[in-house]
Amino acid sequence: MEAARIYQRIKDRFGEHVLEISDHQPDPFIVIDPASIEEVGSFMRSDPELALDCLSNESGVDYKDRIEVVYHLFSYSKRHGAVLKVKLPRENPTVATLENIWKSANWMEREIFDLLGVIFEGHSDLRRILMPEDWPGFPLRKDFVEPTEYHGISTVRESPIIRLDPKKK
Amino acid sequence: MSTLRTEEMTLNMGPQHPSTHGVLRFIVRADGEVMREAIPDVGYLHRSIEKIAEKVGYHGFMPYTDRVDYVCAMFTNQGWGMASEKLANIQVPKRGEYCRAIATEFNRLASHLLSVGTMGMDIGAMTPFTHAIREREMINDLIEELCGARLTFNYMRIGGVAWDLPPGWREKALAYLDHFEPILDEYNALISYNKIYIERLANVGIISADEAVNYNLVGPNLRGSGIKWDIRKDLPYSVYSEFDFDVPVGKGEWGKLGDAMDRYMVRIRELKESVKILRQALKQIPAGPVLAKVPRNFKPPAGECQIRVESARGDMGWYAVSDGTGYPWRVHVRTGSFAAMGIIQKLSQGLMIADLVTLIASLDVIAPEIDR
């Protein structure tokens, strides 16, 4: 099924919970109300016409005025895919976890929490995955300022290039 | 007798452990020899590659992609190239696509050889590893001639590849394939059909097809569970639709479907398929330029896209967002190893400690690819 028809099917079913259908090229996407993401997700997985059985990618993007969580779904049996998005406020970004629908969401949501600070409600094991547990802030946010040291280890390094000055003896 | 009791043991495996394929750590809760659970702890190799992308621009990010997965860096090169090309709608010249296919398939051979070699070593068979590495070195020699590097290639560019095949390289590559194919049978006779080896691998870490899809396993791990799915075949990119090759899947020949032996055999059989593709590619390669005209100041229009590449560790997804400037707004790589690590905690329940090593090796996880 083409992306546009998939999105129309979701629109027919969920109506006002679909905030926007974008025919943006090359990958069109659909924006869902964050409050109903779990409902939409389980419909997309269980509906026999859609059968989107694989959450292939989940990523977070900081747009300075909002944070978006992007879900790339895929169906092995129907060979079609869909892109879902939720837009969250930058202060206190919270959305329900999709871990109970697609197991692969567990680790990918941990990564988004770790790097962008999105809280996934109902997640079974929401803790940092890539950064150290006591790391300050969320590195992939656009306003993140890297600390100059971490436990006494400097994060700044002088350039290893030695410039030879012929005048200097 | 009532004073006797048993106690659960917590063990630390890694981060420096010879069989964890890089810097990986597992917190193992064990009851004697049997694990209750192995909790993976990753992040030791996190180099914030996605953050670097936002700072260095499109062309400048290419050498960094090598470091995403240094065992098969050609695929990460290609992934980033394809994502940028899709954003800016650039067509790669035919010869450039063939060069890419040849380079990546040689890289797949090298990566799978390392995987099947360390698989034997991890469970105690040292000799096959030396055989596999010997062949891999010869492939590295070929790739070195192609791009000047043996590990972090930086061979591809946005719009094609950096250099054409050197003079005489094609004949050398074909001669190598003639040498390699009989070696593969020798390797199988040496280890793959060894009874002890099969006993160690069969019925370990069984993943059902539903589970594999649910946990988003990709590549040989997915095919090991019996799902015939290969991005090269099913969503063809580059010039793969012009090649004739099979997609090997696990059949449960030695144990239950989706066990470690199935995943291992899928890799062994894929080596043969890659040789098939390489022969066709080297024979059919057309003349022409290898690199499209791409401005040095590369600014794709604002937008976003996702592309999928069948790397040696399976479907690698690149999600790139452009804001119209010379620097990507956001790049996200979803790698095969990251997905495979997510299933280990579940599979480890009730497994013997010695089999954890088999499980990790059979999933072919590469630590830098998990952590990026």
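As the structure is a computational prediction, the values presented were derived from the model and not from experiment.

K.L.:
Describe the pattern of salt bridges, and please don't skip the residues or the numbers.
P.N.:
A side chain with one charge can pair with a side chain of the opposite charge if their charged atoms come near. Applying the stated criterion to the full structure yields 50 salt bridges over all chains. One salt bridge connects Asp65 of chain A with Arg66 of chain A, and the closest N-O pair in it is separated by 3.3 Å. Residue classification places Asp65 of chain A among the exposed residues on the basis of a relative accessible area of 56%. We classify Arg66 of chain A as partly exposed; its relative accessible area is 23%. Between Asp315 of chain B and Arg334 of chain B there is a salt bridge; the shortest N-O distance is 3.7 Å. A residue pair is termed long-range when its members are at least 10 positions apart, and Asp315 of chain B in strand 7 (residues 314–322) and Arg334 of chain B in strand 8 (residues 328–334) qualify at 19 residues. The same class applies to Asp315 of chain B and to Arg334 of chain B, which are both buried. When salt bridges that share partners are traced, they join Glu105, Arg108, Arg223, Asp230, Arg232, Glu270 and Glu310 of chain B into one network.

K.L.:
Please provide a residue-by-residue account of the environment of Tyr7 of chain A, values included.
P.N.:
Residue and element names in this part refer to chain A. One can find Tyr7 in helix 1 (residues 3–14). Taking the relative accessible area as the measure of exposure, Tyr7 reaches 2% and is therefore buried. For Tyr7 and Ser22, which are 15 residues apart along the polypeptide, the C-alpha to C-alpha distance reads 9.4 Å. Residues contacting Tyr7, with those up to four places away along its chain left out, are Ile21, Pro28, Phe29, Ile30, Ala82 and Val83.

K.L.:
Before we move on, could you go through the side chain of Asp364 of chain B and cite the residues and values that matter?
P.N.:
Considering the arrangement of structural elements, one finds Asp364 of chain B in the loop between helix 13 (353–363) and helix 14 (367–371). A distance of 2.9 Å separates a polar atom in the side chain of Asp364 of chain B from a polar atom in the side chain of Arg313 of chain B.

K.L.:
Describe the layout of surface pockets, listing the residues and the values that go with them.
P.N.:
Its volume calculated, the largest pocket comes out at about 830 Å³. Lining the largest pocket we find 35 residues, and of these Pro26 and Asp27 of chain A together with Lys86, Gln306 and Ile307 of chain B sit closest to its centre. If you list the elements that add at least two residues to the lining of the largest pocket, you get helix 1, strand 4 (67–75) and strand 5 (80–88) of chain A together with helix 3 (73–88) and strand 6 (303–311) of chain B. Split by residue class, the lining of the largest pocket holds 19 nonpolar, ten polar and six charged. For the second largest pocket, the calculated volume is near 480 Å³. Taken together, 17 residues line the second largest pocket, and the ones lying closest to its centre are Met131, Trp135, Glu146 and Thr155 of chain A together with Ser48 of chain B. Partitioned by chemical class, the residues of the lining of the second largest pocket number eight nonpolar, three polar and six charged.

K.L.:
I'd like a rundown of unusual backbone geometry, residues and numbers included.
P.N.:
Residue Lys64 of chain A is not a glycine yet carries a positive backbone phi of 70°. Its location among the elements puts Lys64 of chain A in the loop between strand 3 (54–62) and strand 4. Positive phi outside glycine occurs at Ser48 of chain B, with the angle close to 50°. You can see Ser48 of chain B is positioned in the loop between strand 3 (34–41) and helix 1 (49–56). Residue Ser48 of chain B is classed as partly exposed on the basis of its relative accessible area of 30%.

K.L.:
Give a detailed account of the sheet that holds strand 3 of chain B, specifying residues and quantitative values.
P.N.:
Residues and elements named next belong to chain B. If you trace the three strands from one edge of the open sheet to the other, you get 1-2-3, paired in antiparallel fashion. The outermost strands of the open sheet, each flanked by one partner alone, are strand 1 (9–13) and strand 3. Strand-to-strand twist across the sheet, computed as the mean angle between neighbouring axes with direction ignored, equals 20°. Pairing analysis gives five bridges linking strand 1 to strand 2 (residues 25–31), with the strands arranged antiparallel. The residue bridging Leu11 from the neighbouring strand is Val28, located in strand 2.

K.L.:
Explain the sheet that holds strand 1 (residues 18–22) of chain A to me, and be specific about the residues and the numbers.
P.N.:
All names here are of chain A. Read from one edge of the open sheet, five strands run 1-2-5-4-3, paired in mixed fashion. Unpaired on one side and paired on the other, strand 1 and strand 3 mark the two borders of the sheet. Across this sheet, the average inter-strand angle for adjacent strands is 20°, counted without regard to direction. Direction of pairing for strand 2 (residues 29–32) relative to strand 5: parallel, over a ladder of three bridges. Following the sheet pairing, Ile30 is matched in strand 5 by Leu84. Helix 2 (residues 37–46) rests against strand 2, strand 4 and strand 5 of the sheet, and its axis sits at about 175° to strand 5.

K.L.:
Would you mind going over empty space enclosed by the protein in detail, with residue names and values included?
P.N.:
Scanning all chains against the criterion turns up one cavity of 30 Å³ or more. Roughly 80 Å³ of internal volume is contained in the largest cavity. Lining the largest cavity are 13 residues; nearest its centre among them are Leu115 and Leu140 of chain A together with His46, Ser48 and Glu50 of chain B. In terms of residues, the lining of the largest cavity owes the most to one element, helix 1 of chain B, which gives three residues. Its residues placed into classes, the lining of the largest cavity shows six nonpolar, two polar and five charged.

Thresholds, definitions, all that
Residues numbered from 1 in each chain as written. Chains lettered and ligands numbered in written order. Predicted model: local features only at pLDDT ≥ 70, side-chain atom pairs only at ≥ 80, totals over all residues. Heavy atoms only, no water. Salt bridge = Lys/Arg side-chain N within 4 Å of Asp/Glu carboxyl O. Buried < 20%, exposed > 50% of the residue type's maximum accessible area, 1.4 Å probe, protein only. Helix = DSSP H or I, 4+ residues; strand = E, 2+ residues; numbered from the N terminus. Contact = heavy atoms within 4.5 Å. Polar contact = N/O pair within 3.5 Å; in protein donor to acceptor, adjacent residues only side chain to side chain. 1 Å grid on protein atoms, 1.4 Å probe; cavity = no way out; pocket = protein on both sides within 12 Å on 5 of 7 lines; lining within 4 Å. Points joined across faces, edges and corners; volume = space filled by probe spheres on them. Nonpolar A, V, L, I, M, F, W, Y, C, P; charged D, E, K, R; others polar. Pairing = 2+ DSSP bridges. Axes fitted to C-alpha atoms, helices over the stretch in contact; angles between N-to-C directions.

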